[in-house]
Amino acid sequence: MKKVSVVCIGAGPAGLTAGYLLTRDVQGAIVTVLEQDETYVGGISRTVLYKGFGFDIGGHRFFSKSTEIERLWDELLGEDFLLRPRKSRIFYRGKLFDYPLRAFDALGKLGIGEALCCVLSYLRACLQPAKEPRNFEDWVTRRFGRRLFEIFFKTYTEKVWGMKCTEISADWAAQRIKGLSLFRAIWHALLPQAMAMGERQDTIKTLVTQFRYPRRGPGMLWTAATDRIRQRGGEVLLGQRVVALKNSGLEVGWEVTTRDGQGQERKFQCDHVISSMPLHALGLILQPALPEFVTQATNSLRYRDFLVVALIVRERHRFDDNWIYIHDPGVKVGRIQNFKSWSPDMVPDPALNCYGMEYFCFEEDGLWTTSDEELVDLASRELIQLGLASPDDLVDGTVVRQSKAYPIYDEGYESRVNLIRKHLESVHPSLHLVGRNGMHKYNNQDHAMMTAMLTVKNIMAGKRLFDVWQVNQDAEYHEEKKSNRERCDGSTRGEMIETRHVPTKIPGG
């Protein structure tokens, strides 16, 4: 029997999950994971090291509705997981507001007049006839009222996406904050945690008060996965950028061409390709070339880029949040991570701390192209301006850039993605799209892993038992087999269908 050969493009959560499961569960599988980064695995979930300090590219909480994902985490890291308290707040008008909202905290800090305006605005929204929201602003305003939208959503969301809330698809809100209402947030604040949360499967991730976290950051998990793949005979190759992807037909399979930093090319043959690279980039290298109407769809997909300025500071215990959302239009920073609050092991010296100043941008704009020295200076000034540090607190800093961190949900994006998907599934059935950028879908880490997990099951079965596109925000899934889904060849198509649907965090989190 022929051994199955698979190339995984990208060593992020999706690519490494697929590689790990293939080497674990498929006897004799030939597995190669290709990563363009020359140093790190983990993609956007990597942990970057600087002078002994560890920091994330955004914070990554380990909490999942899927017991299968939880078991996989335990299998890879076990006792290296810490149980951490979750704390995050919103910085607005010089004050820190608890998030999720706590009634008395918000009332006291907004003031009676502002709080009354928020309540009246919320009641007005509740009394208005229900209409289909046209964009993000419509969706949130009808859920929370215009006043709360302007205070707790507008400024931060427009920082994240670099566009007006009226230009962002309502799908963004529907995916990221559905299930959370003003009433439920206040109810959670007033009730004991056990009563408010109920069963784990009913828990909204935004309201979770504790989570698991690898002792040395999420990159620790992906390094462990890489080691396991290599131990079982698979390859994880760094510094290999995929520059061509050619489908030579069923008998020959795929030819994957990479180029390293010195311009040297390598070629890999395989039966299946699992791709987590951005759909936009995939469309440029696929052979035979895509039809023009599909190429137009891939070229029109947009992404938001991201950079983090890690500032090493003297520990003054100014805040103990995991992160703070910055709703102040007077600064460019969108969110501030406190890496010692994620794990004390991320900071080698207890007299110091490391803050991640997060900026959202586009590759072509001035912020992305600003020098590291200037970015460290900007972040330092803004941290002081916000009152979260003084000049003599600052010790050092470094910058990490992450291109295509967030797929943009602009008008018409869904129809374009569906067009691309249907074409690829019909013409290239052995090409499997997974992960956040591979599917142009704002999946969390556990959902990206689930898309890979189901893809491996499809490859093992020799047919698409599961529709990975149904994996979505904090949903629980099962395989559904129905007689009316029987194919002409007599096989049955099972789908992963959604049975629960709740949010994770406020937009951009």
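Within each chain, residue numbers correspond to sequence positions counted from 1 in written order. Two thresholds apply to this predicted model, a pLDDT of at least 70 for residue-level local features and 80 or more for giving and counting side-chain atom pairs, whereas whole-chain, interface and lining totals are computed over all residues. In computing side-chain properties, one takes all heavy atoms of the structure into account and sets aside hydrogens as well as water.

**Student:** Explanation requested: the pairing of strand β13 (residues 272-275) in the structure shown.
**Tutor:** Consecutive side chains along a regular strand alternate between the two faces of the sheet. Only protein chains enter the area calculation, which uses a 1.4 Å probe; residues under 20% of their type maximum are buried, those over 50% are exposed, and those in between are partly exposed. Numbering of helices and strands runs from the N terminus, with a helix taken as a DSSP run of H or I at least four residues long and a strand as a DSSP run of E at least two residues long. Side-chain alternation along β13 places H272 and I274 on one buried face and V273 and S275 on a second face that is also buried. Pairing of strand β1 (residues 5-9) with β13, which is carried by four bridges, proceeds in the parallel orientation. For V7, the partnering residue across the bridge sits in β13 and is V273. Any two strands between which DSSP finds at least two bridges are classified as paired.

**Student:** Honestly, the sheet that holds strand β20 (residues 431-433) in this entry has me stumped. Any pointers?
**Tutor:** In any sheet, the strands associate via hydrogen bonds between backbone groups, in a parallel or an antiparallel arrangement. Across the sheet, which stays open at both edges, the five strands sit in the order β9-β2-β1-β13-β20 with parallel pairing between neighbours. The open sheet terminates on both sides in strands that have one partner only, identified here as β9 (235-237) and β20. On average, each strand axis in the sheet is tilted by 15° relative to the strand beside it, whichever way the strands run. Of the pairings in the sheet, the one linking β1 to strand β2 (residues 30-34) comprises five bridges and is parallel in character. Across the sheet, the residue bridging to I9 is L34, located in β2. On the sheet, helix α1 (residues 13-25) packs against β1, β2, β9 and β13 and is oriented at approximately 165° with respect to β2. Geometry is summarised by axes, namely lines fitted to C-alpha atoms with helices restricted to the contacting stretch, and by angles between N-to-C directions that run from 0 to 180 degrees. Residues count as neighbours in contact if any of their non-hydrogen atoms are within 4.5 Å of one another.

**Student:** What should I look at first to understand the packing of α1 against helix α2 (residues 67-77) in this one?
**Tutor:** A pair of packed helices is captured by two measures, namely the crossing angle of their axes and the spacing between those axes. With their axes 13 Å apart at the nearest point, α1 and α2 run at an angle of 75° to one another. Looking at the two axes, α1 sits roughly perpendicular to α2. Two secondary-structure elements touch here, α1 through T17, Y20, L21 and R24 and α2 through L72, E75 and L76. Here the residues of the contact of α1 with α2 sort into four nonpolar, one polar and two charged. Angles are sorted into four bins: roughly parallel if under 35 degrees, roughly antiparallel if over 145, roughly perpendicular if 65 to 115, and oblique for all others. Residues are grouped as follows: Ala, Val, Leu, Ile, Met, Phe, Trp, Tyr, Cys and Pro are nonpolar; Asp, Glu, Lys and Arg are charged; every other residue, Gly included, is polar.

**Student:** When you look at the nonpolar core in this model, what are you seeing that I'm missing?
**Tutor:** It is characteristic of soluble globular proteins that their nonpolar side chains tend to be buried jointly. For the purposes of this section, nonpolar cores are sets of buried Ala, Val, Leu, Ile, Met, Phe, Trp, Tyr and Cys residues that join through side-chain atoms within 4.5 Å. One finds L16, F136, W161, L245, V256, L424 and L431 to be the most contacted residues of the largest nonpolar core, which totals 123 residues. With 27 residues, the next largest nonpolar core counts V333, I336, L383 and L388 among its residues.

**Student:** Looking at this structure, I do not really get the packing of α2 against helix α18 (residues 445-461). What am I missing?
**Tutor:** It is the contact of α2 with α18, at a shortest axis distance of 10 Å, that shows an interaxial angle of 95°. Classified by the angle their axes make, α2 and α18 are roughly perpendicular. Residues E68, I69, L72 and W73 of α2 form the contact with α18, whose participating residues are D446, M449, M450, M453 and K457.

**Student:** Where do I start with the confidence of the model for the protein chain in this structure?
**Tutor:** Do not read the fine detail of predicted coordinates wherever pLDDT is low. Values of pLDDT, ranging from 0 to 100, describe the predictor's confidence in every residue of the model. On average, residues of the protein chain score 86 in pLDDT, and 85% of them are at 70 or above. The low-confidence segment residues 187-201, where pLDDT is below 50, has 21 contacts with residues more than four positions distant or belonging to other chains. Taken as a whole, residues 473-509 scores under 50 in pLDDT and shows 128 contacts with residues more than four places along the chain or in a different chain.

**Student:** What is the right way to look at the pattern of salt bridges in this model?
**Tutor:** Pairing between side chains of opposite charge can happen when their charged atoms approach one another. By convention in these notes, a salt bridge is any Lys or Arg side-chain nitrogen within 4 Å of a carboxyl oxygen on Asp or Glu. In the structure shown here, the tally under the stated rule is 30 salt bridges. Of the charged contacts in the structure, one is a salt bridge between D396 and K51, with a shortest N-O distance of 2.7 Å. Linking D396 in strand β19 (residues 394-407) with K51 in the loop between β3 (47-50) and β4 (53-56), this pair joins segments that are 345 residues apart in sequence. On the basis of relative accessibility, which here comes to 24%, the residue D396 falls in the partly exposed class. Classification of K51 by relative accessible area gives exposed; the value is 59%. Among the ionic contacts, a cluster of salt bridges with common partners joins R93, E114, E137, R146, R147 and E150.

**Student:** Mind showing me how you'd approach the state of the cysteines here?
**Tutor:** Two cysteines joined by a covalent bond between their sulfur atoms form a disulfide. Only a pair of cysteine sulfur atoms within 2.5 Å qualifies as a disulfide here. Inspection of every chain in the model, using the stated rule, returns zero disulfides. With no disulfide of its own, C270 lies closest to C8 among cysteine sulfurs, the gap being 9.1 Å. Residue classification places C270 among the buried positions, given a relative accessible area of 2%.

**Student:** Where do I start with the packing of aromatic side chains in this structure?
**Tutor:** Here a ring pair, both rings aromatic, is described through the centre-centre distance and the interplanar angle of the planes. In this scheme Phe, Tyr and Trp rings, the latter by its six-membered ring, pair at centre separations within 6.5 Å, and the angle between planes marks the pair as stacked below 30 degrees, edge-to-face above 60, and tilted otherwise. Per the counting criterion, the structure on display carries 22 aromatic pairs. Look at Y99 and Y325: their rings are 6.3 Å apart centre to centre, the planes differ by 80°, and that puts the pair in the edge-to-face class. Taken together, the residues Y99 in strand β7 (residues 95-99) and Y325 in strand β16 (residues 323-326) connect sequence positions 226 residues apart. The two residues Y99 and Y325 agree in class, both being buried. The interplanar angle of 40° and the centroid separation of 5.0 Å between the aromatic rings of F144 and F153 together place this pair among those described as tilted. Across the pair, F153 and F144 agree in class, each one buried. One aromatic cluster is present, built from ring pairs that chain together Y99, Y156, W161, F211, Y213, F306, W323, Y325, W342, F360, Y406 and Y442. A positively charged side chain is recorded as over a ring if its NZ (Lys) or CZ (Arg) lies within 6 Å of the ring centre. The angle to the ring normal must also be within 35 degrees. Above the plane of the ring of F81 lies R212, whose end atom (NZ or CZ) is 4.6 Å from the centre. Geometry around Y303 places K404 over its ring, the cationic atom sitting 5.6 Å from the centre.

**Student:** How should I be thinking about helix α4 (residues 112-127) in this particular structure?
**Tutor:** Quick reminder: α-helices carry 3.6 residues per turn. Residues three or four places apart thus point the same way. Expected span of a helix, by definition, is 1.5 Å for each gap between consecutive residues, and there is one gap fewer than residues. When the terminal C-alpha atoms of α4 are compared, their 23 Å separation across 16 residues agrees well with the 22 Å that a helix rising 1.5 Å per residue should span. For α4, the set of buried residues is E114, A115, C118, S121, Y122 and A125. On an axial view of α4, the arc spanned by its buried residues comes to 125°, and they lie on one face. When the buried face of α4 is taken as reference, the exposed residues oriented beyond 90 degrees from it are I112, R124 and L127. Each C-beta atom gives one direction from the helix axis, and the arc is the one those directions make.

**Student:** What should I look at first to understand a nonpolar patch on the surface in this one?
**Tutor:** Patch membership requires more than 30% relative accessible area and the absence of a salt bridge. Residues of like charge join within 9 Å; the nonpolar side chains Val, Leu, Ile, Met, Phe, Trp and Tyr join within 5 Å. To be clear on the numbers: accessible area is Shrake-Rupley with a 1.4 Å probe, and residue cover counts the displayed protein chains and nothing else. Nonpolar side chains collect at one region of the surface, where L116, V119, L120 and L123 lie side by side and expose about 350 Å² of accessible area between them. Here L123 is to be found in helix α4. L123 sits in the partly exposed class, given a relative accessible area of 43%.

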